[in-house]
Structure formats: structure tokens, C-alpha cells
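# Structural features, examined
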Amino acid sequence: KAFTMRKKILIIIISVPLLVLLTSLSYTCFKNYCANVEAAELYKEGLKPIKSTNNQFDPQTALDYCDSLSRSPQPWSSLVNTLSMKSLLLLKLGREKEAAAMLIQILQTRGDKTDNISMSINKNLAIAYLRLGERNNCINNHSDASCILPIRGKGIYTDPSATQKGIEIYEQILQKDSTDLESRWLLNIASMTIGEYPSKVPSRWLIPGLDTDSSSHPVKAFQDMAGVLGLDGPRNLAGGVIVDDFNNDGYLDIITSTWGLDDCMHYFRNNADGTFTDIAETAGLSRIKGGLNIIQADYNNDGFTDILVLRGAWLGELGKQPNTLLRNNGNGTFTDVTIESGLLSFNPTQTGVWADFNNDGWLDLFIGNESREFEHPHPAELFINNQDGTFTNVAEASGVDFTNFMKGVASADYNNDGWPDIFICGSEYQKSLAASAGAEALKTPESLKGNMFLYRNNHDGTFTNVASKVGLNKSVYAMGANFGDIDNDGWLDMYLGTGNPDVRSLVPNKMFKNISGQQFADVTTSARVGNLQKGHGVSFADINNDGYQDIFIKVGGAVPGDTYFNSFYVNPGQNENNWIGVLLEGTKSNRSAIGAHIAVSFTEKAMKRTVYMDVNSGGSFGSNPLRKEIGIGEAKNIDELIIKWPTSGIVQVFKNIAPDQFIKITEGKNQIEKMNIKTLKYKAAQGFLNMISCSPVK
């Protein structure tokens, strides 16, 4: 009996703490489960479109409000103001005919048709007609030449009726005010769209030279093959783009996102035969909505490139939308791991960067958020990788929890001195960009808007703005920007998407060629890449593996009336210059090799040269592949290729490498692996390429 009693006591002694432990574990599990359920609900709610009259990019809700006002008794003057506002909202919604009819109705009530108020209404009416002309031609009769400045060939409108009405109004406006640069610019552009520039533009209002290439460094014309290859649609709002190899077959794929929370991502898989297939639905990306920008990296070092979707930009407190981390599963699918990774937060943003900030071989993430008001700060976030698929935000402890309005910045070594320089585009403007474009074309003293700044690294911790010195003192108001070498001369060129949201903004996207690190020449005209529609995410990449970098740009604006088709500008080959494609894989350093330094040395025309390149995705809006494509000019051989790895500090040196090939280098291995990928000849999509439909959010 004593033994039995001791046994019972022993069981009780063991059972009680065990029961306490199990209870504690159960409570913890239940608490975590509840927290995850709550987080999932918040995440889901954060991805629902918000209808608000305070959202300047939600014209439908504002239009509904105007309709309610117009039905209420009010003085005639107030009703006219309501109708004027309504007409602009109709323009933003792409309902140009209705907008024009309403503006005509308002004008008919005006006694003096030439006073300032009437002239303002007339300017809106002219814009309505120009945008209706775009819809009838650039959209409904779209071709690879549509809206490409200078407009010629297939770009000339087949239906000029609406545009002619706009031209007549601009002539009336300029009769009253010949100094109106906005109207003068738009008159010239409108005339060009219907084949009447310059011959039928009144000489006193003509802006000469818009149809000629004034650059002393012309390039061979690119061809927009997005439509032929089924990469142009569907028509969408602004968004981001990544060009990279997401299935590790050696061929570059294209993934896009769209700002609107009703629109989904698209995954154009490179079929390695000159065609592409949108596999977003089977990949699990058709359920991922919204995202003004997307950036890529292998955050978990599993050898497959993952995606971060950034949301909420420009919307202030209405932009408290969660970002999304998409893990590449390596089998053609992606999984949303936002909550389990610890990245769930609710801040407006469009800019982030992957880097190994603590040098432990795992990529961390810095996100710059947008703070507009002191009462509603949105500090920057620095997520340190915990090496287990999760992250911890240490921004406050690290002293980088800035509360600024952070939009983005790009860095590259434009002059090949081995030191990274900084490129910034400003967003300042009072008048429309059309006015600035007209002033620039006429070389008048009108102050430029949306200025560019190029800060050259002085090697001593300081930088100097050399934009004016190198020919970048121009007005662009760039949204998307990225760097690439279009002619393999070893000097980085740039392409800018001028995505200003103003409905009056009709200015071309811009390409600048780097002239030996001393000047940038505007080659937009000769390159045939001056799309007048609103450009955003930009990627440079040699997608068909022919040695020449092509350009993919996500085109479309901030409101439904500015939705447009993507463009894929294929480089025809500019010369016989040589190149090398380098893919790095980290072992001690992060698998993506982000932060690795590449130096390619060669001899060209008896001169020793070195081209420097860092592994990253390029600019802050649009992502280049992590496989680096480096031009070496007329050199016939690469004398030396040096890789400096970020975490280990290992420096690998390879000598006497043949150019015009793609190679892979693994950290710590002293052998170069040749990548056996073939050059592709693009093939037209057979019939109509069905785009995937956006699946409901789970």
C-alpha cells in the first residue's frame, strides 16, 4: 500500500507541472492562432478598394457625389461649378464624349465666350476632344506606332474627327493668348496625330523640329513588339514590372503588377521559343491585387527568386494597404507568406530595397514609406532576416525610422570611375507639363518642371549635381526610371517613364544615351520610344539573348481614363560591339548575390578600360534582372573579370574570357560555368492571346 501511495504521489507530482505546461502551450497556440486569424482578417480588409471622395484617384466616387449635388437645389453658379467638376471626373473615367457634351452645355450658358472662365472651359473641352481622339485611335485602333512621338506611319489617326475639333479650339485660345505654351504644345502634337504637322500649323504657333531628330548621336529605332507577342495587355493602370528568370530555366520572364486593387498581377513566362504565356492563374498570382511597384530577391536562399509587392503610394491615410511577400515555391507557383514572415504592416509606399544590411548572408529589406502629415507618421521600416523565413523590424533601434515622404532614388556608376553616383527626378510643377514641354522645345526661359538631378560621386564623401553639365537639364517628371546599355559601349544609358497623373499631361517618355560618361544625349526620337502615354515601371533586359538589351515599360496612368497597353521595345542591334552576361550565385553571401561588385577590364582601341557593375535590380521603379549584362565596346577579349562578394569578402579573379556569352560564377568556385541558352527569334502570338482573368482574393 505504501508503494502504491508513493506511486500515486509521484504521478501527481509529474502530472501537475505537465498539465501546467500543456495548458500553457495550448494557451500560447490558441493565442497565436487567434493572432494569425486577426492578422489574416486585417490583411484581407487592407486589400479591399476604398471608395472615398477624399481620394483624388477615385473619380467614380467623386462623380457619384457630384451627381447627388446636381440633383439638389442650388444657385446656377454653384450648379455650373458642379458640372465643370463633373466634366473633369468624366475625363478621368475615360468618358470623353460625355465630358465634351457637358462642357459644351456649360459654354452655352456663358454670355461672354471670351472671358477667362470661358477660356478655361474651352481648354478642358479641347483636352476632352484630344483624349477622345486618343481613344478612337491609339486605343481602339492600336498599333506598334500608336502615340509614339514623332507620330508617323501607322501612328497617324484614321479617325481625325475629334482631334480636329480640339485643334480648332486651341487656335481660338491662342488667338486670345499667344503666350499659352500648354495650348501651343498640344496644338502641335494634335496636328501631328492627324498628319497636319508642320504644314497646316499656323506659322505663328508652330513649334518647329518636333518631327526631326536633333541629337548628334542617333540610334537605330526600337520596335514595340508587345502587341505581336501578347505582352501588351490587358490595358491597365500604372504599375511595376520585373524581368528575371523565375523558373531557373535560363530564360527571362516578365511579371507585372497594377496599382488598382481590382487588378491583378500577370506572369508572362518565357517559353524559350520566341513566345510567352501568361501563367498567372496557375502560378497563384492572379489572386494578388494592386501593387504600384514590385521588386525581386531570393530572400530565403532557396535558389528561387521571390517577389515583394508594394502598395498604397500617393494615397496618404487611404493608402494604409499591406505589402505582400510572395515566396517562389520552385514549381511554377508562388505562396503569399506576408503574415508568417512578419512583414505585415499598413503604410503607404512604393519603394523598397533588398540588401544584406548586417552582412550575415541573408537578405534584409528596407521600405521607405510616405508620411504627409505630422499627426499620421509612417516611419520607414528595416526588416532584418531571421534566417528562418521570418523578419524583425529594427528600424527604430537602428535609427532609420525616418518619417519623410519617400518615393525612390536610383544609383549607378554612370561614368565608370568605380564609385556609385545618384540619379533623382523631381516632382515639382505648377503649370502643366505640356507647358514645360512647349517651353523646352522653343528654348524659352520658362522654368522647367520635373527636373532631373545627377549627383556625381566625388570620392571624398561628397557629391556634385552635374545634370546641367552633362545635358540633363530637361523637364521630364519621371515616375519610372532605369539604367541599361543599349549599344554595349560600356556606358549606362537611361529610359524614363513620364507618368504624371494630370489629364493635360501629354509628354513623351524619354531615352538618354550616355556619351562616354561626359554627356547624355536625348535619343528618344531616333529610338522611337517616345510614347505619349503615361509610363511607369521600366526594365532593361536582353530578353531574347541576342546580346542587346531591350526595354519593357508598364504604361498607364492613375485613373481609369489613362489605362493603356504595355510596351516592349525590342533592340534591333546598334552595332558590332561585344558583351558578357554574368549570373552570380552566392554561397556564404546571399544566394541572389545582391551587393556583389563586378569589374570587367578590357582593351579597346589600345586603351585600357574597366566597367563596374553592382548586382541589384537597377532603378527604384521597375526591376532589371539580377543577371548582369555588360558591354565592352569593340574589345575582342575580356582581360580580367573581378568579383567581390558582399558577405565573405572573397575576391575572385578570372582572366582572358571570351565575350558574347552568358556565364555563371558561384562564390568560392574558381571555374566559370557557361550557360547554354539559345538566342530567340520572336514569334507572333497565334490569334488572340487570352489574358488570365483576375481571380477573387482568398
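Everything here concerns the structure above.
Throughout what follows, the structure given in this document is the object of discussion. (Residues numbered from 1 in each chain as written. Predicted model: local features only at pLDDT ≥ 70, side-chain atom pairs only at ≥ 80, totals over all residues. Heavy atoms only, no water.)

### Regarding the overall build of the protein chain
In plain terms, the rule: The helix count covers DSSP runs of H or I at least four residues long, the strand count covers runs of E at least two residues long, and both are numbered beginning at the N terminus. Only the C-alpha atoms count toward the radius of gyration. The rule for a globule is 2.2 Å times the residue count to the power 0.38. Per-residue accessibility, obtained with a 1.4 Å probe over protein chains only, is compared with the maximum for each type, and a residue is labelled buried under 20%, exposed over 50%, and partly exposed between these values. Note on contacts: a residue pair qualifies if any of its non-hydrogen atoms lie within 4.5 Å across the two residues. All accessible-area figures derive from a Shrake-Rupley calculation using a 1.4 Å probe, and residue coverage is judged against the displayed protein chains alone. By the counting scheme adopted, Arg and Lys are positive, Glu and Asp are negative, and His together with the chain ends is not counted. In this description, the location of a charge corresponds to atom NZ of lysine, CZ of arginine, CG of aspartate or CD of glutamate.
Helix and strand content of the protein chain: 13 helices and 34 strands. For 698 residues, the compact-globule estimate of 2.2 N^0.38 gives 26 Å, and the protein chain sits close to it at 28 Å. Projected onto its principal axes, the C-alpha positions of the protein chain cover 115 × 80 × 55 Å. Within the protein chain, the fraction of its 698 residues that count as buried is 56%. Long-range contacts, defined here as pairs at least 24 residues apart, represent 61% of the contacts in the protein chain between residues at least 6 apart. Taken as a whole, the protein chain presents about 29100 Å² of accessible surface, with 54% of it coming from carbon and sulfur. Looking at charge distribution, the protein chain has the averaged site of its 64 positive side-chain charges lying 3 Å from that of its 76 negative ones.

### Comments concerning the sheet that holds strand β10 (residues 334-336)
Put simply, the rule reads: In this analysis, strands are considered paired if DSSP registers two or more bridges between them. For every element, the axis is a line fit to its C-alpha atoms; helices are fit only across the contacting stretch, and the angle between N-to-C directions ranges from 0 to 180 degrees.
If you trace the 4 strands from one edge of the open sheet to the other, you get β7-β8-β9-β10, paired in antiparallel fashion. Each edge of the open sheet carries a strand with a single partner, namely β7 (293-297) and β10. Looking at each pair of strands side by side, their axes are set apart by 25° on average, direction ignored. Bridge analysis of β7 against strand β8 (residues 306-310) gives 5 bridges, and the strand direction is antiparallel. Residue pairing across strands places Ala297 opposite Asp306, the latter belonging to β8.

### Thoughts on the pairing of strand β29 (residues 607-614)
Two elements, strand β28 (residues 597-604) and β29, share 8 bridges in a ladder whose sense is antiparallel. Opposite Ala599, over in β29, you have Tyr612 as the bridge partner.

### A word on the packing of aromatic side chains
Threshold: Only centres within 6.5 Å qualify two rings of Phe, Tyr or Trp (six-membered ring in Trp) as a pair; their planes then separate them into stacked at under 30 degrees, edge-to-face at over 60, and tilted for everything else. Both a distance and an angle decide whether a charge sits over a ring: NZ of Lys or CZ of Arg must be within 6 Å of the ring centre and within 35 degrees of the ring normal.
If you walk through the whole model with that rule in mind, you get 12 aromatic pairs. Relative to Tyr682, the ring of Phe568 has its centre 5.7 Å away and its plane inclined at 80°; by these criteria the two rings are edge-to-face. Of this pair, Phe568 sits in strand β26 (residues 567-570) while Tyr682 is found in the segment after β34 (673-674), placing the two residues 114 residues apart along the sequence. Here Phe568 falls in the buried class, since its relative accessible area comes to 0%. The positively charged end of Arg204 is found above the aromatic ring belonging to Trp205, 4.0 Å away from the centroid.

### Side note on helix α2 (residues 59-70)
The line we're drawing: By this rule the span expected of a helix is its residue count minus one, scaled by 1.5 Å.
Given a rise of 1.5 Å per residue, 12 residues ought to cover 16 Å, and the 16 Å separating the end C-alpha atoms of α2 matches this to within 8%. Taken as a whole, α2 has its buried residues at Pro59, Thr61, Ala62, Leu63 and Cys66. Of the surrounding secondary structure, the elements contacted by the buried residues of α2 are α3 (76-92).

### Topic: the side chain of Asn531
Short version of the rule: Distance and chemistry together define a polar contact, namely a pair of N or O atoms within 3.5 Å, with one atom able to donate a hydrogen and the other to accept it when in protein, and with adjacent residues in sequence counting only for side-chain atoms on both sides.
Tracing the backbone shows Asn531 in strand β23 (residues 530-531). At 2.9 Å, the side chain of Asn531 and the backbone nitrogen of Gln533 are in polar contact. Among residues more than four places away in sequence, those in contact with Asn531 are Cys147, Ile148, Val507, Pro508, Asn509, Tyr564, Ser567 and Tyr569.

### A few points about the pattern of salt bridges
For the record, the criterion: By definition, a salt bridge exists where a carboxyl oxygen of Asp or Glu is found within 4 Å of a side-chain nitrogen of Lys or Arg.
Across all of its chains, the model carries 25 salt bridges by this definition. A salt bridge links Lys123 to Asp180; the shortest N-O distance between them is 3.1 Å. Of this pair, Lys123 sits in helix α5 (residues 116-139) while Asp180 sits in the loop between α6 (161-176) and α7 (181-193); the two residues are 57 residues apart in sequence, bridging distant segments of the chain. Owing to a relative accessible area of 11%, Asp180 belongs among the buried residues under this scheme. Residue Glu317 pairs with Lys320 through a salt bridge whose shortest N-O separation is 3.5 Å. In this structure Glu317 comes out as partly exposed when scored by relative accessible area, which is 28%. Overall, Lys320 belongs to the partly exposed group, its relative accessible area being 39%. The network of salt bridges with common partners includes Lys123, Asp180, Glu182, Asp502 and Arg504.

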